[in-house]
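Observations on the three-dimensional arrangement
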Amino acid sequence: GLETMPVLGEAAVGAVFLPGGPQLRAAVRAQNLFAQPLRVPPQWWIDQLRFGGGRPMLTASLACKRAILDGAGQHHLVLDRLAELTVPTLVMWGALDKVVPLVQGHRAAKLIPDCRLEVLPVSGHVPHVETPDAVLVPLLRFLTDTQGRT
């Protein structure tokens, strides 16, 4: 997004240190990461406000975003080595992911030789936080089905 642009990213980092900045940053992250922002777990808010506003974390986050995103979107896809995986693989994807679209989950799953794709219908980018029970069921099924295969 726009925060990967020179100057705008640094301004976004600096804005966190203004009154209300950490709360605004957490609210924007919730909108982007969760399919159902009103159902964000309370501990996530606590963690965002406690750890999400430190300059080292913000600077590292900005550098990571700039490594894979620009103003036009994602320019670096990490798909080229997936075919090298030699173990059974479970890919879980939130159907309502606003950060990395589901089409990329389908693309990734097709490249992995022994792969199962589980699409979680009411989850966004962080299904393990947003819908942990929905993650647990296919995870346990996958572990049971693949036990002893590696």
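Before going into details, it helps to say that this report is about the structure given with it.

Analysis parameters
Residues numbered from 1 in each chain as written. Predicted model: local features only at pLDDT ≥ 70, side-chain atom pairs only at ≥ 80, totals over all residues. Heavy atoms only, no water. Helix = DSSP H or I, 4+ residues; strand = E, 2+ residues; numbered from the N terminus. Pairing = 2+ DSSP bridges. Right-handed = clockwise from strand over helix to strand, strands pointing away. Axes fitted to C-alpha atoms, helices over the stretch in contact; angles between N-to-C directions. Parallel < 35°, antiparallel > 145°, perpendicular 65-115°, else oblique. Left-handed = near helix turned anticlockwise from the far one by under 90°. Contact = heavy atoms within 4.5 Å. Nonpolar A, V, L, I, M, F, W, Y, C, P; charged D, E, K, R; others polar. Core = buried A, V, L, I, M, F, W, Y, C linked by side-chain atoms within 4.5 Å. Buried < 20%, exposed > 50% of the residue type's maximum accessible area, 1.4 Å probe, protein only. Salt bridge = Lys/Arg side-chain N within 4 Å of Asp/Glu carboxyl O. Polar contact = N/O pair within 3.5 Å; in protein donor to acceptor, adjacent residues only side chain to side chain. Expected span 1.5 Å × (residues − 1). Arc of directions from axis to C-beta.

1. Re the environment of Pro101
On the secondary structure map, Pro101 appears in the loop between β3 (89–94) and α5 (102–111). In sequence terms Pro101 and His125 are 24 residues apart; their C-alpha atoms lie 8.9 Å from each other.

2. Things to note about the pairing of strand β4 (residues 115–120)
Two strands pair when backbone bridges link them, and β3 and β4 are joined in this way by 6 bridges, in the parallel orientation. Bridge assignment links Met92 to a residue of β4, and that residue is Glu118. Read as a crossover between parallel neighbours, the route from β3 over α5 to β4 is right-handed.

3. As for the packing of helix α2 (residues 21–33) against helix α3 (residues 42–51)
Two elements in contact, α2 and α3, have axes whose closest approach is 9 Å; the angle formed by their N-to-C orientations is 130°. What the angle tells us is that α2 and α3 run oblique. As for how α2 packs across α3, the hand of that crossing is right-handed. Of α3, the residues touching α2 (which contributes Pro22, Gln23, Arg25, Ala26, Ala27, Arg29, Ala30 and Leu33) are Trp44, Trp45, Gln48 and Leu49. Of the residues assigned to the contact of α2 with α3, the class counts are 8 nonpolar, 2 polar and 2 charged.

4. Topic: the environment of Ala109
One can find Ala109 in helix α5. Measuring from C-alpha to C-alpha, the distance between Ala109 and Leu79 comes to 9.7 Å, with 30 residues separating the pair along the chain. Those residues within four positions of Ala109 in sequence are excluded, and the remaining contacts are Cys115 and Leu117.

5. Things to note about the nonpolar core
Among the nonpolar cores identified, the biggest contains 7 residues, and these are Leu79, Leu82, Val91, Trp93, Val100, Ala108 and Ile112. The residues contacting Ala108, other than those within four sequence positions of it, are Leu79 and Leu82. Among the nonpolar cores identified, the runner-up in size contains 6 residues, and Ala30, Phe34, Trp44 and Val126 belong to it.

6. As for the pattern of salt bridges
Tallying each qualifying case throughout the model produces 3 salt bridges. When the shortest N-O distance is used, the salt bridge between Glu84 and Arg81 registers 2.9 Å. Glu84 sits in the partly exposed class, given a relative accessible area of 49%. Note that Asp145 is salt-bridged to Arg116, the shortest N-O span being 2.9 Å. Here Asp145 is found in helix α7 (residues 132–146), whereas its partner Arg116 is found in strand β4, with 29 residues between them in sequence.

7. Considerations on the side chain of Thr146
For Thr146, the position within the fold is in helix α7. When its relative accessible area of 10% is taken as the criterion, Thr146 is described as buried. Only 2.7 Å separates the side chain of Thr146 from the backbone oxygen of Phe142, close enough to count as a polar contact.

8. Description of α7
Look at α7: 21 Å from first C-alpha to last across 15 residues, which is about the 21 Å you get at 1.5 Å a residue. Among all positions in α7, only Val135, Pro138, Phe142 and Thr146 are buried. In a view along the axis of α7, the buried residues occupy a sector of 85°, so they form one face of it. Turned more than 90 degrees away from the buried face of α7, the exposed residues are Asp133, Val137 and Thr144.

9. Notes on the side chain of Ser123
Here Ser123 shows up in the loop between β4 and α6 (127–130). For Ser123, a relative accessible area of 1% translates into the label buried. Ignoring anything within four residues of it in the chain, the contact list for Ser123 reads Ala35, Gly94, Ala95, Leu96, Asp97, Glu130 and Thr131.

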